[in-house]
Amino acid sequence: MKRFSNWGKTALVLGFCFCCGLNAAEAKATKTTAMDFRAKGVNAKYLDLICMSTDNEYICFHSREPRDKDHDDFRNNVYVFKVNADNSLGSYKKYTITGIPSIEQLNFTPDNKSIIMISKMGATILKLDLASGKVTTIMEHIKGQPGFKVFPNILMHSDGELLIQGYFYDKDTFCGPNTICVLNYNKTGLDAFTLASDVDKMQVETRRGHDTVIENFTRKDTGFWVMDNKDKSWSCYRWIDGKGVKEFDHAQEVPGLWGSESRLLYSAKRAPNSYDLVVYDAKTDEKFKISEGRRTPYSYVFLADSGKTAIFNDINEQTKTTQIMYARESEGWAPKPLQGLDRRIPMGIERIALDGRKVMYLNDDFTLYIADIEE
């Protein structure tokens with residue numbers, strides 16, 4: 001048996017997020033500068049771009065702002081901005097979250113009425129009601145009581161549900177196996193967690209003999225991971241519940257990956273100065289090449305729209321700028337630059353809408369870009 005640990009379990013894990021595709025001919029974008037935020041009463045210096053609501057009408061930011069000039073104390077604020085039809089930012093609500101040291105992860109609920117927040121290294125789960133501002137505790141660690149601990153700190157949307165990874169523990173804080181659960185966010189305590197998959201045995205067997213593991217579960221029954229080998233090469237695997245584990249690719253290095261439903265987008269180094277960008281379909285065992293033999297890899301790769309749209313970045317390390325690119329299955333996976341933005345923009349944080357219609361980018365100058373394409 002494993003004892004409950006605030007540090008969780010060892011693995012480097014990538015999560016499931018929000019991905020988008022854009023039509024170059026129809027692209028439009030807006031830009032909100034740090035001064036624009038200031039005019040709204042918001043200090044952009046402290047903003048972290050988190051995600052967009054599932055209906056694309058709101059954007060969520062987290063801000064950990066100092067309470068005093070010495071930065072000895074901080075307050076956790078959640079900002080939810082309305083996104084206007086032209087992609088400009090409209091009105092917003094600010095929610096100050098008390099009683100926790102930090103917010104480690106947050107996401108909208110599928111109905112967009114609330115935001116789920118994770119804190120205290122996965123031991124606490126809170127729900128923020130956006131209409132009333134009320135915060136409800138879904139789960140917290142109480143000595144002598146059983147519970148659930150999130151690890152890694154990931155909240156993912158899949159098939160209209162909010163999924164969460166982690167493990168149950170008993171009243172003596174001994175842990176059960178790693179699991180994927182459906183989060184019933186309108187309930188509290190253990191009733192809030194419905195077991196979907198027990199992935200512990202599969203993880204233990206596949207990780208054996210590997211030092212580094214990068215995981216990306218995308219559904220209740222599907223996952224991908226990349227592991228290093230003793231010869232310093234990397235192997236790519238997929239897992240489907242009931243069908244087991246299968247190796248589907250081998251490369252010198254895998255600099256980036258991101259999954260959506262049953263598909264994975266990943267960059268693979270085949271030889272020195274030779275990188276491919278590939279979409280793999282776990283259901284059909286097919287691969288689709290977006291690019292082949294590039295001297296440098298595409299970075300910050302995202303996949304959206306059930307794996308039908310890819311977003312990736314052509315980064316210039318010398319100028320510290322990026323050009324956002326996209327490719328669509330409906331367009332033969334041909335890579336194209338995303339129009340409506342400057343060709344080169346300063347590097348920053350990128351987020352993609354769940355349905356593949358918007359891209360959000362907050363650069364290091366605290367300027368927010370939102371690009372939107374209608375099908």
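The following refers to the structure shown. (Residues numbered from 1 in each chain as written. Predicted model: local features only at pLDDT ≥ 70, side-chain atom pairs only at ≥ 80, totals over all residues. Heavy atoms only, no water.)

1. Section: the environment of Pro-255
Logical step 1: Take Pro-255: it is sitting in strand S21 (residues 253-260).
Logical step 2: Every residue in contact with Pro-255, bar those within four places of it in the chain, is listed here: Ser-267, Ala-268, Lys-269, Tyr-275 and Pro-297. (Helix = DSSP H or I, 4+ residues; strand = E, 2+ residues; numbered from the N terminus. Contact = heavy atoms within 4.5 Å.)

2. Description of the sheet that holds strand S11 (residues 135-139)
Logical step 1: With respect to topology, four strands assemble into an open sheet ordered S8-S9-S10-S11, the strand pairing being antiparallel. The open sheet is flanked by strand S8 (105-108) and S11, the only strands paired with a single partner. Taken over all neighbouring pairs, the strand axes of this sheet differ in orientation by 25° on average, direction set aside.
Logical step 2: Relative to strand S10 (residues 124-129), strand S9 (residues 114-119) is paired through six bridges, and the arrangement is antiparallel. Looking at the pairing, Ile-115 lines up with Leu-128 of S10. (Pairing = 2+ DSSP bridges. Axes fitted to C-alpha atoms, helices over the stretch in contact; angles between N-to-C directions.)

3. Some thoughts on the side chain of His-62
Logical step 1: Within the secondary structure, His-62 sits in strand S5 (residues 58-66).
Logical step 2: Residue classification places His-62 among the buried positions, given a relative accessible area of 6%.
Logical step 3: Polar contacts involving the side chain of His-62 include one to the side chain of Asn-76, which spans 3.2 Å.
Logical step 4: Residues contacting His-62, with those up to four places away along its chain left out, are Tyr-46, Leu-47, Asp-48, Ile-50, Asn-76, Asn-77, Ile-103 and Leu-106. (Buried < 20%, exposed > 50% of the residue type's maximum accessible area, 1.4 Å probe, protein only. Polar contact = N/O pair within 3.5 Å; in protein donor to acceptor, adjacent residues only side chain to side chain.)

4. Considering the side chain of Arg-263
Logical step 1: Position of Arg-263 among the secondary structure elements: in strand S22 (residues 263-271).
Logical step 2: What makes Arg-263 buried here is its relative accessible area of 8%.
Logical step 3: Each residue touching Arg-263, except ones within four places of it in the same chain, is listed here: Phe-224, Trp-258, Val-279, Tyr-280, Asp-281, Phe-288, Leu-303, Ser-306, Gly-307, Lys-308, Glu-329 and Trp-333.

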